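Residue-level structural notes
Residue-level listing of the chains:
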Amino acid sequence: MTAITPIEHHSDGHEEHPDLRVWGLITFLASESLMFGGFFATYLFFKGTTAVWPPAGTEVELFIPAINTIILVSSSFVIHFGDMAIKRNSVGWMRFWYFITAIMGAVFLAGQVYEYMNLGYGFTTNVFSNCFYLMTGFHGLHVFIGLLLILGVLWRSFRRGHYSATKHTGIEMAEIYWHFVDIIWIILFTLVYLLNIL
């Protein structure tokens, strides 16, 4: 008589079936993409139907946003190093790379606040400033949420055995979210800054 071998179940379930938590995140990010897409379409509509864009007195500066772009794009590589580290079962290096990413995210937000304080125009100055603050502010909110996710990963990593080479869904989800934030910023930077400078 043949013995029946029990099926082993892993907590992350990567081997048996797709992790529904990751699919849930991807679905959420798809809906956020549609929202940002609506913002971008509205911005381009106003840009295409307004004689002078941006209107006088609401010009954008490129220096601080360009530095912010370098920081945010670089942070996507840094957070990926953390994901690679945990897949080698190195919790210590994962913490290191995620901590560096958190610092870069905080610097990005500080740069955005500095930019807002020195623009010389407000949310209700004109249609351009309204679009500008709405899009960059909404993106900044997403960066802040991503920063909280990264800090949450770091906090949980100090629980013994919480993350390992076979158990790292939370780390992957934080990385996916951060890449999304990065991609949205590249599009936003191109539309709001580069196209108005060049």
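Quick caveat: nothing in here was measured; it's all calculated off a predicted structure. (Residues numbered from 1 in each chain as written. Predicted model: local features only at pLDDT ≥ 70, side-chain atom pairs only at ≥ 80, totals over all residues. Heavy atoms only, no water.)

**Focus: the packing of helix 4 (residues 127–156) against helix 5 (residues 169–197)**
The test is simple: Axis definition: a line fit to C-alpha positions, over the contact stretch in the case of helices; interaxial angles, taken between N-to-C directions, run 0 to 180 degrees. Numbered from the N terminus, helices here are DSSP runs of H or I no shorter than four residues, and strands are runs of E no shorter than two. What sets the label is the angle itself: under 35 degrees gives roughly parallel, over 145 gives roughly antiparallel, 65 to 115 gives roughly perpendicular, and the rest give oblique. Here a crossing is called left-handed whenever its near helix is offset anticlockwise from the far helix by less than a right angle, and right-handed whenever the offset is clockwise. By the convention adopted, Pro, Cys, Tyr, Trp, Phe, Met, Ile, Leu, Val and Ala count as nonpolar, Lys, Arg, Asp and Glu as charged, and the other residues, Gly among them, as polar.
Taken N-terminus to C-terminus, the directions of helix 4 and helix 5 make an angle of 160 degrees; their axes are 10 Å apart at the nearest point. It follows from the interaxial angle that helix 4 and helix 5 lie roughly antiparallel. The handedness of the crossing between helix 4 and helix 5 comes out as left-handed. Residue classes in the contact of helix 4 with helix 5 are distributed as 20 nonpolar, 6 polar and no charged.

**Brief notes about unusual backbone geometry**
Residues W53 and P54 are joined by a peptide bond in cis, for which omega reads -5 degrees. With respect to the element layout, P54 can be found in the loop between helix 1 (20–49) and helix 2 (63–87).

**Description of the UniProt feature "transmembrane region" (unreviewed entry) in the chain**
Keep this limit in mind: UniProt positions are given in the numbering used here, feature names are shortened, and annotations may be inferred rather than shown by experiment.
The positions that UniProt labels "transmembrane region" (unreviewed entry) are, in the present scheme, residues 22–46, 66–84, 96–114, 134–155 and 176–195. Taken end to end, residues 66–84 is 100% helix and 0% strand, and its two terminal C-alpha atoms sit 28 Å from one another. Secondary structure across residues 96–114 divides into 100% helix and 0% strand, with the first and last C-alpha atoms of the span separated by 27 Å.

**A few points about the side chain of D83**
Selection rule: Here a polar contact means two N or O atoms within 3.5 Å. Within protein one must be a hydrogen donor candidate and the other an acceptor candidate, and residues neighboring in sequence count only if both atoms are side-chain atoms. Every residue pair with non-hydrogen atoms within 4.5 Å of one another is taken to be in contact.
Here D83 is to be found in helix 2. Among the polar contacts listed, one links the side chain of D83 to the side chain of K87, at a separation of 3.0 Å. If sequence neighbours within four positions are ignored, D83 has contacts with Y98, I171, E172 and E175.

**Some thoughts on the pattern of salt bridges**
Worth spelling out the cut-off: Salt bridges, as used here, are contacts in which a Lys or Arg side-chain nitrogen is within 4 Å of a carboxyl oxygen on Asp or Glu. Only protein chains enter the area calculation, which uses a 1.4 Å probe; residues under 20% of their type maximum are buried, those over 50% are exposed, and those in between are partly exposed.
One pass over the full model with this rule turns up 2 salt bridges. For K87, the salt bridge is made with E172, and the minimal N-O distance between the two is 3.5 Å. Of the two residues, K87 sits in helix 2 while E172 sits in helix 5, which places them 85 residues apart along the sequence. With relative accessibility at 17%, the residue E172 sits in the buried group. It is possible to trace a salt-bridge network through shared partners that takes in D83, K87 and E172.

**As for a nonpolar patch on the surface**
Worth spelling out the cut-off: Patches here are clusters of residues that have more than 30% relative accessible area and form no salt bridge, with a 9 Å joining cutoff for like charges and a 5 Å cutoff for nonpolar side chains (Val, Leu, Ile, Met, Phe, Trp, Tyr). For accessible areas, the Shrake-Rupley method is used with a probe of radius 1.4 Å. Any residue's cover is judged against the shown protein chains and nothing else.
Together, L141, F144, I145, L148, L149 and L151 make up a nonpolar patch on the protein surface, roughly 510 Å² of accessible area in all. Tracing the sequence through the fold places L148 in helix 4.

**Observations concerning the UniProt feature "domain: Heme-copper oxidase subunit III family profile" (unreviewed entry) in the chain**
The positions UniProt marks with the feature "domain: Heme-copper oxidase subunit III family profile" (unreviewed entry) are residues 23–197. End C-alpha atoms of residues 23–197 are separated by 38 Å, and the span's content is 79% helix alongside 0% strand.

**Here we look at the environment of T42**
Examined against the element boundaries, T42 turns out to sit in helix 1. For T42, a relative accessible area of 37% corresponds to the partly exposed category. Note: C-alpha distance between T42 and C131 (89 residues apart in sequence) is 8.3 Å. At a separation of 2.9 Å, a polar atom in the side chain of T42 contacts the main-chain carbonyl oxygen of G38.

**Remarks on the packing of aromatic side chains**
Stated precisely, the cut-off is as follows: The criterion for an aromatic pair is that two Phe, Tyr or Trp rings (for Trp, the six-membered ring) have centres within 6.5 Å, with stacked assigned to planes under 30 degrees apart, edge-to-face to planes over 60 apart and tilted to the rest. In this analysis the charged atom, NZ for Lys or CZ for Arg, is taken to sit over a ring once it is within 6 Å of the ring centre and within 35 degrees of the ring normal.
For the structure on display, the rule yields 25 aromatic pairs. Relative to F39, the ring of F36 lies with its centre 6.3 Å away and its plane at 90 degrees, an arrangement referred to as edge-to-face. Here the residue F36 and the residue F39 both occupy positions in helix 1, the gap between them amounting to 3 residues, near one helical turn. When its relative accessible area of 1% is taken as the criterion, F36 is described as buried. One aromatic cluster is present, formed by Y43, W53, F108, Y116, Y121, F128, F132, Y133, W185, F189 and Y193 through successive ring pairs. Above the plane of the ring of F158 lies R95, whose end atom (NZ or CZ) is 4.0 Å from the centre.

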